[in-house]
Amino acid sequence: MSDKLLHWIDNEQVDSADGASVTTHSPVTGEPMTTLASGGEREVSLAVAAASAAAPLWRNTDAKQRGRLLHALSVAIRENSQSLADDEIAETGKPRSTALSEIANSADYFEYYAALVHLPAGEVINTKATEHTFTIREPIGVVAVITPWNVPLNQAARACAPALAAGNTVVIKPAEVTSRTTIRLAKLMGEVGIPAGVFNVVLGKGSVAGDALVRQDAVRKVAFTGSVGVGRLIGKIAADRIIPVTLELGGKSANIVFADADLDAAASETVRAFTSNAGQVCSAGTRLLVQSSIREEFLAKVVEQARTLSLGSDVGPLITRDQYLKVQEHLNLAPTEHAETLLGGIGATSDNAVGNYIPPTIYATQNSNSRIATEEIFGPVLVAITFESDEEAIRITNDSDYGLIAGVWTRDISRALTVARSLEVGQVFVNTWSTGAVETPFGGVKESGYGREKGIEALHHYTQLKCVVIATV
Ligand code: NAD
């Protein structure tokens, strides 16, 4: 039997008609790892046809029954969490604790949306005494989901759980380097009794399979998580086809630490914010804004904590050699932009290293417009900038193409509220950093994207509203 990972269409494994495949490499050893089928137009059409055929059955399945199946799936994910983690660790090299918590969080999505299946209802609208008017929230149809490689199963669950709960069927295209757990998810769906065709997976390259998927006539909504560049391409196709799209893109999120904050708590969360998943998180806190009066004391705490992290057990590798080289490019840039290296940096990496590890790196700069201070690096790299006043902290934070999340550290509740309201971001965390809760709406403003995943808002993004007016006399 071949070890090749195959597409999953209509509850069956399917190879590419032309036998095309891609082989990925371990981010830890550089050795070849997974060979997967590489899909094209034919496989995408098959998957979309299966999802279209399954759509009437799934949308007409009692909401309660859909909920039971999605809940059963959350149980199955928890029961299989160790082996799902094994697959994610093999592909990403991430620490086991990180993989396990992301998988538990994936189960949370299905559990949460299983409980909300009755929610996409509608409302009665008071028009005239001679009319009965109401709205219905209906599924949109076939939803295309395209996911990145940084949090593979979790990103799939985040989009697919509300899409399925709302009665849509799905075709998903995972990132080629992390396809295993999306296929495992599809198999678990079959095992718990979710009907064939409701969830289909096409593997392969984004520019081929992903592009073909978004262009399929029967695809009525796209949920994309990934880079700004690809988001822009997909947004254009969706605009051309006049279909709704949710774009969850990048970030350069700021943690703002005021002098009156609990500095120990702020320091450990600042470190977590930029080193979790080796900084390969869209909402990573990679800009640190520190008030000038506590600059030395606070930076010393952050550097001291980040220095204790071990490569491998605390900070995993970057996903591919290309990503490693991209981060190195930014590390090379830092001295040319006159940033002060407080930890790590280009001297701490090697071109010949086995494994794509970059040690936690911290720079200090007053040039908040430099490339290292403005561009998303997607590695464990923090850039610290000093500010004097609340207004200056707000101005620097908002002076960004991105607007995903921000942290505010202060004991002054009025300041916390004023700053939170002034920040141009999708979510603000005060005296904590991103909690990952499935219940809270998540998404960006500006180039961080539009639309919201998570929470009740996501369910609404996977429905369309119909209004019915009945003349009663
Ligand atoms: P990417 O945009 O290169 O790829 C994302 C997905 O899109 C992959 O499945 C890829 O195969 C596919 N794709 C690539 N080209 C395509 C095309 N032309 N048409 C259709 N699909 C295509 O991003 P990446 O490198 O996988 O992920 C890193 C980026 O994702 C970062 O910028 C990061 O900030 C962002 N991200 C955002 C979030 C969020 O929720 N906002 C979460 C994770 C990652």
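Residues numbered from 1 in each chain as written. Predicted model: local features only at pLDDT ≥ 70, side-chain atom pairs only at ≥ 80, totals over all residues. Heavy atoms only, no water.

> Which parts of the structure should I look at to understand unusual backbone geometry?
Located in the positive-phi region is Phe378, a residue other than glycine, with phi close to 60°. Take Phe378: it is sitting in the loop between helix H12 (371-374) and strand E16 (381-387). Given the relative accessible area of 12%, Phe378 is considered buried. Even without glycine at this site, Lys446 takes up a positive phi of about 50°. Structurally, Lys446 is set in the loop between strand E18 (427-430) and strand E19 (449-450). (Helix = DSSP H or I, 4+ residues; strand = E, 2+ residues; numbered from the N terminus. Buried < 20%, exposed > 50% of the residue type's maximum accessible area, 1.4 Å probe, protein only.)

> Is there a simple way to think about helix H7 (residues 206-215) in this case?
Because an α-helix packs 3.6 residues into every turn, residues spaced three or four apart end up facing the same way. Burial in H7 covers these residues: Ala209, Gly210, Ala212, Leu213 and Val214. Tucked into the core, H7 has its buried residues touching helix H1 (41-60), strand E7 (142-146), strand E8 (169-173), strand E10 (219-225) and helix H8 (228-241). (Contact = heavy atoms within 4.5 Å.)

> Explain the site of the ligand to me, please; I cannot follow it from the model alone.
Lining the immediate surroundings of the ligand are 29 residues, of which Thr147, Lys173, Ser227, Leu249 and Glu376 lie closest. For the ligand, an oxygen atom lies 3.0 Å from a polar atom in the side chain of Arg158. Residue Ser227 places a side-chain N or O atom 2.6 Å away from an oxygen atom belonging to the ligand. Protein chains bury 88% of the 840 Å² of accessible surface belonging to the ligand in isolation. When atoms are counted within 2 Å of each cavity's grid points, the one that captures over half of the ligand is the largest pocket. Among the secondary structure elements, those contributing two or more residues to the shell around the ligand are helix H5 (152-165), H7, E10 and H8. It is H7 that provides the largest number of residues to the shell around the ligand, a total of four residues. (Near = heavy atom within 4 Å. Polar contact = N/O pair within 3.5 Å; in protein donor to acceptor, adjacent residues only side chain to side chain. Areas by Shrake-Rupley, 256 points an atom, 1.4 Å probe, with all protein chains shown as cover. 1 Å grid on protein atoms, 1.4 Å probe; cavity = no way out; pocket = protein on both sides within 12 Å on 5 of 7 lines; lining within 4 Å. Sits in = over half its atoms within 2 Å of the grid points.)

> Explain the sheet that holds E18 to me, please; I cannot follow it from the model alone.
What links the strands of a sheet is backbone hydrogen bonding, and the strands pair in either a parallel or an antiparallel sense. Across the sheet, seven strands lie side by side as E14-E15-E16-E13-E12-E17-E18; this open sheet has mixed pairing. A single partner strand is all that each edge strand has here, and the edge strands are strand E14 (340-343) and E18. For this sheet the average axis-to-axis angle between neighbouring strands, irrespective of direction, equals 25°. Pairing of strand E12 (residues 253-257) with strand E17 (residues 405-409) involves four bridges; the strand directions are parallel. The residue bridging Val257 from the neighbouring strand is Trp409, located in E17. (Pairing = 2+ DSSP bridges. Axes fitted to C-alpha atoms, helices over the stretch in contact; angles between N-to-C directions.)

Spatial relationships are all this shows, so hold off on functional conclusions.
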